[in-house]
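The lines below spell out each chain.
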Amino acid sequence: LEFRRVLFRSRTPLECLELTGVFYLPQDGLEKCLPVIVMCCALGWYDALRFGSESGRAEIVNNERMFASAYIIGGDQAKKQLVELFEHKQKRLAELVQQGLAFAEKNRDASRYDHQWPTAYGMERMMEGLRGKAQPIPPLAREKWDEAWQETRKRIGDYYHVAIDTK
C-alpha cells in the first residue's frame, strides 16, 4: 500500500482512481483499496474547490464520475464489495474512510503532482474566449483553503454515509 501511495502522489487524483479501478481493485479487493480511493477522491475534490470553476467541478463529478469511477472501472465485483460494506460492514467502512482521509490530510499540499489539473474542466474559459475576454479562472484565496478542506471532508463523509468531524 505504501508503494501505491508513493506512486500515486505523482499522478492526478483522476489518474490514480483509474489505475486503482483497472489494476488494484480486481487484484486486491475493495477493503485494501478503499483508503487509496478515498484519498484520491479527497485530494481531487480539494483541488477542484481550490482551482476549478463551478462548471468544472460539475464536469469532474458528473462526466468524469470522480467519486464512483474506481468502482465503475473495477466492475461488478468492486460494486458488490462496496454494497457489502454499505449494507453489512458500516463500522469497517467508516474505519477505511477515516484511514483514507488521514492519507489525504498528509498529502493535501504535497507538490508531487499538478494540483491545478481542474482548470482543464469547465465552460468558463471557452465562454469568456468567445467574448474575446479569455482570462484564467482565479484560484480560491489561500486563506480559504482550510475551509475548502473541511468541505472536502464533509463531501467524502456524505458520499460514504460516514460521520466525519469537520471542526
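Heads up: the structure comes first, above all this text.
Residues numbered from 1 in each chain as written. Predicted model: local features only at pLDDT ≥ 70, side-chain atom pairs only at ≥ 80, totals over all residues. Heavy atoms only, no water.

A. Focus on the overall build of the protein. Scanning the protein for helices and strands turns up nine helices and zero strands. Counting the 167 residues in the protein, one finds 46% classified as buried. (Helix = DSSP H or I, 4+ residues; strand = E, 2+ residues; numbered from the N terminus. Buried < 20%, exposed > 50% of the residue type's maximum accessible area, 1.4 Å probe, protein only.)

B. Representation of the packing of aromatic side chains in the model. In this structure the tally under the stated criterion is seven aromatic pairs. Relative to W149, the ring of Y46 lies with its centre 5.1 Å away and its plane at 80°, an arrangement referred to as edge-to-face. On the criterion of sequence distance, the pair formed by Y46 in helix α3 (residues 30-51) and W149 in helix α9 (residues 145-160) is long-range, its members being 103 residues apart. Seen in terms of ring centroids, F51 and W145 are 5.8 Å apart; in terms of plane orientation they differ by 75°. Their pairing is edge-to-face. Here F51, found in helix α3, pairs with W145, found in helix α9; they are 94 residues apart in sequence, far enough to count as distant. The burial state of F51 is the same as that of W145; both residues are buried. These aromatic residues form a ring-pair network of at least three members: W45, F67, F86, Y159 and Y160. Between R50 and the ring centre of W145, over which it is positioned, the NZ or CZ distance is 4.4 Å. We note R155 situated over the ring of W45; from NZ or CZ to the ring centre the distance is 4.4 Å. (Phe/Tyr/Trp six-rings, centres within 6.5 Å; stacked < 30°, edge-to-face > 60°. Lys NZ or Arg CZ within 6 Å of the ring centre and 35° of its normal.)

C. Broad picture of the nonpolar core. Judged by nonpolar contacts, the single largest core of 46 residues is most densely connected at L34, I37, V97, I156 and Y160. Among the secondary structure elements, those contributing two or more residues to this core are α2 (13-28), α3, α4 (54-63), α5 (69-74), α6 (76-88), α7 (90-107) and α9. Here the element with the most residues in this core is α3; it accounts for 16 residues. The residues contacting Y160, other than those within four sequence positions of it, are L34, I37, V38, Y71, L82, F86, Q90, L93 and V97. (Core = buried A, V, L, I, M, F, W, Y, C linked by side-chain atoms within 4.5 Å. Contact = heavy atoms within 4.5 Å.)

D. Main features of the pattern of salt bridges. Enumeration over the complete set of coordinates arrives at 10 salt bridges. Ionic pairing is found between R108 and D109, a salt bridge with its closest N-O pair at 3.9 Å. Its relative accessible area of 48% is what places D109 among the partly exposed residues. Residues participating in the shared-partner salt-bridge network are D47, R50, E105, R108, D109 and D146. (Salt bridge = Lys/Arg side-chain N within 4 Å of Asp/Glu carboxyl O.)

E. Spatial organisation of unusual backbone geometry. The phi torsion at R65 lies on the positive side, around 55°, for a residue other than glycine. Mapped onto the elements of the fold, R65 is located in the loop between α4 and α5. Of the residues examined, R65 reaches a relative accessible area of 44% and is grouped as partly exposed.

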